[in-house]
Amino acid sequence: MLIWSLVGLAAIGTLALFLIPREQSAAPSQQAGPVKASFGGPFTLTGGDGKPFSSQALAGKPYAIYFGFTRCGDVCPTTLSRLVKLRREAANEQAMHIVFVTIDPNNDGPKEVGQYAGLFNAPIIGLTGSEAQIDQVKRQFGIFAEPVPHAAMGKEMEHTATVLLFNRAGQFAGTISPDEPEGDALTKLKKLVA
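Residues numbered from 1 in each chain as written. Predicted model: local features only at pLDDT ≥ 70, side-chain atom pairs only at ≥ 80, totals over all residues. Heavy atoms only, no water.

### Some points on the side chain of Thr-70
Selection criterion: For helices the rule is a DSSP run of H or I covering at least 4 residues; for strands it is a run of E covering at least 2, with both sets numbered from the N terminus onward. Summary of the burial criterion: residues with accessible area below 20% of their type's maximum are buried, those above 50% are exposed, and those between are partly exposed, where the area comes from a 1.4 Å probe applied to protein chains only. Side-chain atoms alone can form a polar contact between residues adjacent in sequence; in general such a contact is a pair of N or O atoms within 3.5 Å, and within protein one must be able to donate a hydrogen while the other accepts it. Whether two residues are in contact is decided by their heavy atoms, any of which lying within 4.5 Å being enough.
Here Thr-70 lies in the loop between strand S3 (63–68) and helix H2 (75–90). With a relative accessible area of 18%, Thr-70 lands in the buried category. Within the local environment of Thr-70, its side chain forms a polar contact with the side chain of Asp-108, the two groups lying 2.5 Å apart. In this structure Thr-70 touches Phe-100, Asp-108, Glu-112, Val-113 and Tyr-116, once residues within four positions along its chain are discounted.

### A word on the sheet that holds strand S9 (residues 172–176)
Put simply, the rule reads: Pairing between strands is defined by DSSP: at least two bridges between them are needed. Where helices are involved, their axes are fitted lines through C-alpha atoms of the stretch in contact, as for all axes, and angles between N-to-C directions lie from 0 to 180°.
Taken in spatial order, the 7 strands of this open sheet run S2-S1-S5-S4-S3-S8-S9, and their pairing is mixed. For this open sheet the edge positions go to strand S2 (52–54) and S9, each flanked by a neighbour on one side alone. Averaged over all adjacent pairs, the angle separating strand axes in this sheet is 35 degrees, with direction ignored. Across 3 bridges, the pairing between S3 and strand S8 (residues 163–166) is antiparallel. Within the sheet, the bridge partner assigned to Ala-64 lies in S8 and is Leu-165.

### Looking at the nonpolar core
Filter applied, for reference: In this description, a nonpolar core means a group of buried Ala, Val, Leu, Ile, Met, Phe, Trp, Tyr and Cys residues linked to one another through side-chain atoms lying within 4.5 Å.
Grouped together as the largest cluster of nonpolar side chains are 49 residues, with contacts concentrated most on Ile-65, Phe-67, Leu-80 and Phe-141. Residue assignment for this core shows that the elements contributing at least two residues are S3, H2, strand S4 (97–102), helix H3 (110–118), strand S5 (125–128), helix H4 (131–141), S8 and helix H5 (182–193). With 6 residues, the single largest contributor to this core is H2.

### Digging into unusual backbone geometry
Although it is not a glycine, Asn-121 sits at a positive phi angle of roughly 50 degrees. Along the polypeptide, Asn-121 turns up in the loop between H3 and S5. A relative accessible area of 65% places Asn-121 in the exposed class.

### A few points about the pattern of salt bridges
As a reminder of what qualifies: One speaks of a salt bridge when a side-chain nitrogen belonging to Lys or Arg is within 4 Å of a carboxyl oxygen belonging to Asp or Glu.
The tally for this structure, following the rule as stated, stands at 7 salt bridges. Put simply, Glu-89 and Lys-85 hold a salt bridge, and the shortest N to O gap is 3.0 Å. Residue Glu-89 and its partner Lys-85 are both found in helix H2; the two are separated by 4 residues, about one turn of the helix. Given a relative accessible area of 39%, Glu-89 falls into the partly exposed group.

### Notes on the environment of Pro-123
Take Pro-123: it is sitting in the loop between H3 and S5. For the pair formed by Pro-123 and His-97, sequence separation is 26 residues and the distance between their alpha carbons is 7.6 Å. Excluding its chain neighbours within four sequence positions, the residues that come into contact with Pro-123 are Arg-87, Glu-93, Gln-94 and Ile-98.

### Let's talk about the packing of aromatic side chains
Put simply, the rule reads: Here a Phe, Tyr or Trp ring, Trp counted by its six-membered ring, pairs with any other such ring whose centre lies within 6.5 Å, and the pair is stacked when the planes are under 30 degrees apart, edge-to-face when over 60, and tilted otherwise.
Following the criterion strictly, the structure yields 7 aromatic pairs and no others. With a centroid separation of 5.8 Å and an interplanar angle of 45 degrees, the aromatic rings of Phe-67 and Phe-141 are classed as tilted. Linking Phe-67 in strand S3 with Phe-141 in helix H4, this pair joins segments that are 74 residues apart in sequence. Taking relative accessible area as the criterion, Phe-67 reaches 1% and is therefore assigned buried. When the centroid spacing of 5.7 Å and the interplanar angle of 65 degrees are considered together, the rings of Phe-166 and Phe-172 count as edge-to-face. Its relative accessible area of 27% is what places Phe-172 among the partly exposed residues. Each residue in the set Phe-43, Tyr-63, Phe-67, Phe-141, Phe-166 and Phe-172 is aromatic and connected to the rest through ring pairs, giving one cluster.

Right, dumping it as C-alpha cells:
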C-alpha cells in the first residue's frame, strides 16, 4: 500500500513538473499582446524658430523621434550624429524626418533647440515647449526623464536613450537602441523609408 502511495505521489509530481512550466511560459505571451496603436499620437510644441510646430507637419514621411537635452555631454549628440549618418546611408536627407524633443524645457528654449539641431549639418527638427507640454509628450511616447545630481553641472537629466521610429502614417514602427549593431539599425531605416 505504501509503495502504491509513493508511486501515485511520484506520478502527480511528474505531471505537475510538465504542466507548471507550460502554464508559466504561455502567460507572458498572452499578457504582452500587440503594441497599442495609440502609442505616440498628435502633439503641438514649439520649433527652433519660436513658432508652434504640429506633428501634422510630419505626415506623409517616416520619422525618428529622440528625446534628450542640449547640455547632454555624450549620449544625445552621439545618438543624433548616428541618426544623421544612418539616414544618409539608408536613402538621403529628405527620406525621413529626424525630430529632437528636449526633456529639459527650463533650460532649452526655442533658440537653444534650434541651435543644437543645427550643429549636425543635416536637417533635424528641434522642439521644445512648456513643462506641461513636454510632460504630456513624454507620457504619450513612454519616455522616462528625471534630473539627477551632477558634480560639474549641478544636475543633469537621466533619460530614455532609445530612438522611436514611425512610418508615413504616423504609426509606431520600432526602435533603435544605443547598443544596437549598426547593420541592424540601418536595415530598420531602409525598411522604414522604402
